[in-house]
Amino acid sequence: MSDSIGNMISHELLKLVAAGDEKSFRVLFENYKRRFYAVALKMTVSEVIAEEMVQDIFIKIWQKRAELTQIENLDAYFFTTLYRQVYKHYKKLALDRKLLKLIAESPSFHNITEETLLLRESERLINEAVTKLPQQQQKVFTLSRQDGFSREQIAEKLHISPNTVRNHLADATKFIRAYLDKAALVYMLLIFNSIGK
């Protein structure tokens, strides 16, 4: 038998958890909490944050317990959940640091709310992503999202079909979302590299 805890958890136990049995969930929790905590602590270097992450992860597992019986590799499923939690933590931390920097550099920072700064930073990143789109996608996206033109109006203006406009908008939106995610990941990696310095 493998040493993996995931392999040691019986399918019957998972079925009980999936059915809402709290005692079985407690068994699952006891089997994984130390490993989750150790990994979270190593990646965040904070006992408080690591403990909060373990709690949040098990809340998510409980909320999605119906999926447990369909999972083939329990370890992979659980630790992917953990890594996503760590990623979200550093993504938020990176954004918070950028917001603090913007606040410090603003001559009237006392009158600027966090929501305003978040909006400004989001707009900056979106505008940056738009400049990297292919020319036609950039035109379509700008006419739609910034100028408020309908698909039909854009199609007429650019002499293309409404379906082509729709496809350009879908591709542009997909690229911009990926760009924003990549930007957040870069910030996270920079923070990782700075830990301990």
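The rules behind the values
Residues numbered from 1 in each chain as written. Predicted model: local features only at pLDDT ≥ 70, side-chain atom pairs only at ≥ 80, totals over all residues. Heavy atoms only, no water. 1 Å grid on protein atoms, 1.4 Å probe; cavity = no way out; pocket = protein on both sides within 12 Å on 5 of 7 lines; lining within 4 Å. Points joined across faces, edges and corners; volume = space filled by probe spheres on them. Helix = DSSP H or I, 4+ residues; strand = E, 2+ residues; numbered from the N terminus. Bend = angle between axes of the 7 residues up to and from the residue. Buried < 20%, exposed > 50% of the residue type's maximum accessible area, 1.4 Å probe, protein only. Polar contact = N/O pair within 3.5 Å; in protein donor to acceptor, adjacent residues only side chain to side chain. Patch = residues over 30% accessible without salt bridge, like charges linked within 9 Å, V, L, I, M, F, W, Y side chains within 5 Å. Areas by Shrake-Rupley, 256 points an atom, 1.4 Å probe, with all protein chains shown as cover. Salt bridge = Lys/Arg side-chain N within 4 Å of Asp/Glu carboxyl O. Lys, Arg positive; Asp, Glu negative; His and termini not counted. Charge placed at Lys NZ, Arg CZ, Asp CG, Glu CD. Contact = heavy atoms within 4.5 Å.

Considered as a void within the structure, the second largest pocket measures approximately 190 Å³ in volume. Looking at the second largest pocket, the residues that line it are Lys60, Ile61, Lys64, Glu67, Tyr77, Thr80, Thr81, Arg84, Gln85 and Lys88. Going through the elements one at a time, helix H4 (47-63) and helix H5 (74-105) are the ones with two or more residues in the lining of the second largest pocket.

Taken as a whole, helix H3 (residues 22-44) carries its principal kink of about 40° at Tyr32. For H3, the complete set of buried residues consists of Ser24, Phe25, Leu28, Phe29, Tyr32, Phe36, Ala40 and Thr44. N-capping of H3 is provided by Asp21, with a side-chain oxygen placed 3.4 Å from the backbone N of Lys23. Among the residues trailing H3, Val45 stands out with phi positive, at a value near 55°.

As a further point, take a positive patch on the surface. The grouping of Lys60, Lys64, Arg84 and Lys88 at the surface amounts to a positive patch. Within the fold, Lys64 resides in the loop between H4 and H5.

The subject of this paragraph is the environment of Val140. Inspection of the secondary structure puts Val140 in helix H7 (residues 135-146). Considered as a pair, Val140 and Asn167 are 27 residues apart in the sequence and their alpha carbons are 9.9 Å apart. When sequence neighbours within four positions are dropped, the list of residues in contact with Val140 reads Ile154, Leu158, Ile160, Val165, His168 and Leu169.

Functional significance is not addressed by these values, which are geometric in nature.
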